[in-house]
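Next come the chains, spelled out residue by residue.
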Amino acid sequence: MSMSCGAATMGLLAQYGIDTVFGIPGVHTLDFCSGLGEDSSIQHIQVRNEQGAGFMAEGYARATGKPAVALVISGPGVTNAATAIGQSWADSLPVLLLSAEPASHTLGKGWGVLHEITEQKAVTAPLTALSATAHRPEDVPELLAQAFSIFSSARPRPVHISIPTDVQAATTDGDWTAVELPVRPHPDHDQVTRAADLLADAQNPLIMVGGGSHEAAVEIQQLCEQLNAIVISSTSGKGIVPDDHPLSLGGATVRPEVHRMVPNADVVVAIGTEISETDSFVERLDIRGKLIRIDLDPRKINDLYPADVGIVADAAPTVAALIKAFKKHSPRARQKDSEALVTNIRNQIKSQLTPSEQQHCKLLSALRDSIPRDTILAGDVCQLVYTGAFAMPVYNPRSWFYPAGYCTLGAALPNAIGAMQALPDRPIVALVGDGGFMFTVQELITAAELKLPLPIVLWDNGGLKQIQDDMDRGGIPRVGVDGINPDFSLLARSMHCHAEEPSSISDFQRAIQTALAADRPTLITVREDSEWLL
Ligand SMILES: Cc1ncc(C[n+]2csc(CCOP(=O)(O)OP(=O)(O)O)c2C)c(N)n1
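Thresholds applied
Residues numbered from 1 in each chain as written. Predicted model: local features only at pLDDT ≥ 70, side-chain atom pairs only at ≥ 80, totals over all residues. Heavy atoms only, no water. Patch = residues over 30% accessible without salt bridge, like charges linked within 9 Å, V, L, I, M, F, W, Y side chains within 5 Å. Areas by Shrake-Rupley, 256 points an atom, 1.4 Å probe, with all protein chains shown as cover. Salt bridge = Lys/Arg side-chain N within 4 Å of Asp/Glu carboxyl O. Helix = DSSP H or I, 4+ residues; strand = E, 2+ residues; numbered from the N terminus. Near = heavy atom within 4 Å. Polar contact = N/O pair within 3.5 Å; in protein donor to acceptor, adjacent residues only side chain to side chain. Nonpolar A, V, L, I, M, F, W, Y, C, P; charged D, E, K, R; others polar. Core = buried A, V, L, I, M, F, W, Y, C linked by side-chain atoms within 4.5 Å. Buried < 20%, exposed > 50% of the residue type's maximum accessible area, 1.4 Å probe, protein only. Contact = heavy atoms within 4.5 Å. Pairing = 2+ DSSP bridges. Axes fitted to C-alpha atoms, helices over the stretch in contact; angles between N-to-C directions.

### As for a nonpolar patch on the surface
Together, Val27, Leu30 and Leu114 line one region of the surface with nonpolar side chains, adding up to about 290 Å² of accessible area. Turning to its location among the elements, Leu114 is positioned in the loop between strand S5 (95-101) and helix H5 (120-124).

### Description of the site of the ligand
Inspection of the region around the ligand gives 17 residues, with Cys407, Gly435, Gly436, Asn461 and Lys465 positioned closest. At 2.7 Å from an oxygen atom of the ligand is found a main-chain nitrogen or oxygen belonging to Gly436. Burial of the ligand by the protein chains amounts to 78% of its free accessible area of 580 Å². Elements supplying a minimum of two residues to the shell around the ligand: helix H15 (383-391), helix H17 (434-437) and helix H19 (465-473). Its residues assigned to classes, the shell around the ligand comprises 8 nonpolar, 7 polar and 2 charged.

### So, the nonpolar core
Phe22, Phe437, Leu444, Leu454 and Ile456 are the most contacted members of the largest nonpolar core, which has 48 residues in total. Setting aside chain neighbours within four positions, we find Ile456 in contact with Leu413, Ala430, Val432, Phe437, Leu444, Pro521, Thr522, Leu523 and Ile524. If you look at the next biggest cluster of nonpolar residues, it comprises 34 residues, including Ala217, Val309, Ala315 and Ile323.

### Quick notes on the sheet that holds strand S15 (residues 400-401)
Ordered in space as S15-S14-S16-S17-S19-S18, the 6 strands form an open sheet in which the pairing is parallel. Looking at which strands have only one partner, the edges of the open sheet turn out to be S15 and strand S18 (498-500). Here 4 bridges tie strand S14 (residues 376-379) to strand S16 (residues 428-433), and the two strands are oriented parallel to one another. Bridge pairing in S16 links Ile376 to Ile428. Along the sheet, helix H21 (residues 505-516) contacts S16, strand S17 (455-460), S18 and strand S19 (522-527); its crossing angle with S19, the most-contacted strand, is approximately 165 degrees.

### Regarding the sheet that holds strand S11 (residues 267-271)
Hydrogen bonds along the backbone pair up the strands of a sheet, which may run parallel or antiparallel. Taken together, 5 strands build an open sheet; the order of strands is S10-S9-S11-S12-S13 and the sheet is parallel. Two strands lie at the open edges of the sheet, namely strand S10 (230-233) and strand S13 (309-312), each paired on one side alone. For this sheet, the mean inter-axis angle between neighbouring strands, taken without regard to orientation, is 15 degrees. Bridge analysis of S11 against strand S12 (residues 290-295) gives 5 bridges, and the strand direction is parallel. Along S12, the bridge assignment pairs Val269 with Ile292. Packing of helix H12 (residues 315-327) onto the sheet brings it into contact with S11, S12 and S13, and relative to S12 it is tilted by some 140 degrees.

Remember that the coordinates give geometry; whether it matters functionally is a separate question.
The following block contains the structure:
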């Protein structure tokens with residue numbers, strides 16, 4: 001059946017399992033939209049700024065591990081979305097940015113045509129595994145095949161495909177089919193044997209997990225129990241081993257109490273983790289033991305932390321193979337008190353909390369008690385969430401969102417919306433600061449339109465507190481950190497949301513529970529100076 005290339009592109013995306021595109025249409029994307037009518041299985045979610053589209057696609061991918069799509073116009077649509085694409089790169093998420101581009105015969109000529117950009121590919125090339133333009137309709141199936149092959153088999157990174165308006169409008173027979181996608185590599189047998197040998201000799205092994213190991217959660221828990229090894233995680237890996245597991249220190253990788261433990265490990269197994277600076281806030285952790293790294297990305301094997309055994313393979317089959325190989329060794333005496341050490345370190349952390357962290361803990365613990373165990377928490381860059389990384393128990397993989405690394409303010413609300421679109425039956429709560437919330441506040445109306453039962457806990461400490469604190473500590477005069485805030489409740493209500501300003505812990509808990517069952521989002525503002533938190 002003949003149709004426009006834009007419509008055929010939507011049909012092919014559906015074949016790759018895409019059920020949602022987040023975007024804002026323009027005259028440059030009309031042909032894409034022609035494939036999104038009633039007959040399409042793809043839902044178009046209208047966002048209020050393309051950065052929101054990128055962050056929603058990111059949230060969809062965070063929640064599921066599946067590819068997600070943002071659909072935007074050329075020029076400003078692409079540059080608005082670029083921040084979220086940078087974030088998806090930093091957090092290894094399979095996001096496809098599909099955009100228009102001006103008509104082919106105008107490209108690079110500087111005529112000043114609508115939504116012109118000197119060279120669009122160059123804007124996103126540093127933020128993506130692939131940034132390419134379809135010059136003819138028949139380029140589209142090939143470029144989508146390349147994109148989805150990257151998503152299915154390589155370290156997930158975003159991809160940007162641009163389709164100029166004339167190519168979108170060109171007629172095709174639409175007879176396009178999705179290709180069979182490659183799978184991730186399995187581990188090399190000899191390397192697994194060497195890793196198992198190292199672990200067999202270890203007295204005090206340590207496991208580090210990151211966002212690249214969510215699919216291996218079951219195997220990693222088995223491995224840590226088999227080795228009686230403590231597990232620490234990056235913020236992206238939080239919940240892979242439940243935070244209440246007696247061997248888990250969860251996201252406490254940021255804490256000095258944990259840093260002091262790291263040099264004692266004689267073998268470290270790092271699985272799907274960059275071991276990045278933003279997971280520990282020290283440039284280099286003092287790893288002295290033998291290092292086994294399991295990663296899809298060959299560049300991670302010999303970076304700042306060169307591996308003694310570096311296995312470039314998918315985490316789940318690799319850890320399963322490691323468990324099997326390790327079983328061949330006769331059991332050896334090893335450190336018996338791992339669980340006691342975990343309890344001890346948890347207690348040390350509790351005793352070292354600052355007054356402000358104690359307040360965060362009080363609120364987070366009230367929140368934890370009022371939400372189901374499998375709730376997803378979408379955190380923004382704010383002090384409440386920094387504390388949450390080590391103090392908020394999370395029990396499932398893909399259930400603690402934080403824009404690590406790129407550290408983009410404003411990700412949490414749209415991330416939560418994208419996750420709710422992907423997993424409508426999962427409870428989700430967003431945690432935002434008063435500064436970060438203002439970056440993407442307009443997406444409240446998107447959430448209201450979708451009638452999402454989303455509680456948004458707004459931690460209002462009156463300004464850009466982290467930077468205020470940094471300036472105060474450094475003796476630098478406060479510059480640009482004390483701006484005024486809107487009346488948040490009024491703002492939320494004007495966007496068809498509910499708003500609450502709780503006056504006690506029980507009031508807060510009631511607000512959360514009501515919000516989880518509401519027919520729209522609820523903004524729950526908690527002021528840091530509230531008496532009930534002091
Ligand atoms: C896009 C972006 N711009 C600037 C920053 C720098 N930054 C980091 S934390 C922070 C303050 C955030 O304030 P708020 O959301 O109110 O959280 P708080 O620190 O007050 O808890 C700023 C400006 C950033 N992370 N991201």
